[in-house]
Amino acid sequence: MRHPFTIMAFVLILLSCKKENVDMQNSLVTDIANAPNKNPQKALPKRIWHAYDTYINTWDFFYTKQGEVDSIDLFVETRSYGNWRAGYKVYHSGNRIDSITKTSWGQVWDVLQNIKYENGLIVGADFFFNRPYNNTPDKWKIEYDKKKRPLNSPLGEKFYYDEKGQLVSYTHPYSPGRNASFKSDNKENPMHRIPDLNIILLNEYETAMAWYNPNNVTSITYTNGEKVEVNNTFDYFGNLIIRSYGVGSSWGSHQWNFVY
């Protein structure tokens, strides 16, 4: 006859194994349920691909350990003008940007320096466009509202927000026909996660949808009354992976792809 203590120990082992399996199952369920709230939801884009008109731009991003942009490799493909590469290098002084250079064909073309800060925000800088042939800088000046939201781009676009902080409209400095109002979803715009991207890309226009809105635009209405629907596709973690819009619109046909 088996000893009662042996039987009791065997029962305790079975109960312990059952409890451990239940705990593992609960833990697995909890992990799956919380997955969208983990780091991938805040993932920084490693590559952004943008196709429009006869151009395809591919940006590859390289970050510091602190999650700030260290450098960007840009590959431009065109049907009419051939292909070329350019690189953005960001120089930091502590947690602030000290200067930025854009290099192409083996030499520095554009430079941003003498960057000025107020309350931790970039408010001014000297921008040298086409530096080998131009020694006169454009004076950048950026203003903010009380909630530290940029009211203008360095190149002259102006931005207007609602109480939620979403970008609701903007004006273009040179093309009034591109002035537009926006509607957005409540999901995070992945480009808005990249610190100071609006500054780093230097002389890039049409950044209103790309960076200044913390959420993703779902429709655009131009001043001429034309309305364009924006199609956004997200991955399992809620990250935007495809944005497309504008067939026949004032901006032409655009598609953005995001890789994390």
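In this report, the structure presented in the accompanying data block is examined. (Residues numbered from 1 in each chain as written. Predicted model: local features only at pLDDT ≥ 70, side-chain atom pairs only at ≥ 80, totals over all residues. Heavy atoms only, no water.)

Points about the packing of aromatic side chains
Point 1. Taken as a whole and judged by the stated rule, the model has 14 aromatic pairs.
Point 2. Ring plane angle 10° and centroid distance 6.3 Å describe the contact between W59 and W256, whose orientation is recorded as stacked. Of this pair, W59 sits in strand β2 (residues 55-63) while W256 sits in strand β15 (residues 254-259); the two residues are 197 residues apart in sequence, bridging distant segments of the chain.
Point 3. With a relative accessible area of 6%, W256 lands in the buried category.
Point 4. In this arrangement the basic side chain of R243 is found over the ring face of W256, its NZ or CZ atom lying 5.9 Å from the centre. (Phe/Tyr/Trp six-rings, centres within 6.5 Å; stacked < 30°, edge-to-face > 60°. Helix = DSSP H or I, 4+ residues; strand = E, 2+ residues; numbered from the N terminus. Buried < 20%, exposed > 50% of the residue type's maximum accessible area, 1.4 Å probe, protein only. Lys NZ or Arg CZ within 6 Å of the ring centre and 35° of its normal.)

Some thoughts on the environment of D73
Point 1. Within the secondary structure, D73 is located in strand β3 (residues 69-78).
Point 2. Counting along the chain gives 15 residues from D73 to Y88, while the straight-line C-alpha distance between them is 6.5 Å.
Point 3. Not counting chain neighbours up to four residues away, the residues in contact with D73 comprise T58, W59, D60, F62, R85 and A86. (Contact = heavy atoms within 4.5 Å.)

Things to note about the pattern of salt bridges
Point 1. Under the counting rule described, the total for this entry stands at nine salt bridges.
Point 2. A salt bridge links D60 to R47, with the nearest nitrogen and oxygen atoms 2.6 Å apart. Remark: R47 occurs in strand β1 (residues 47-52) and D60 occurs in strand β2; sequence separation between them is 13 residues.
Point 3. On the basis of relative accessible area, D60 is assigned to the buried category, the value being 15%.
Point 4. When its relative accessible area of 38% is taken as the criterion, R47 is described as partly exposed.
Point 5. In this structure, the salt-bridge partner of E163 is K147, at a minimum N-O distance of 3.9 Å. Residue E163 is found in the loop between β9 (158-161) and β10 (167-171), and its partner K147 is found in the loop between β8 (138-141) and β9; the two are separated by 16 residues along the sequence.
Point 6. E163 sits in the exposed class, given a relative accessible area of 70%.
Point 7. The partly exposed category is assigned to K147, whose relative accessible area is 49%.
Point 8. The structure contains a network of salt bridges with shared partners spanning K42, E188 and R193. (Salt bridge = Lys/Arg side-chain N within 4 Å of Asp/Glu carboxyl O.)

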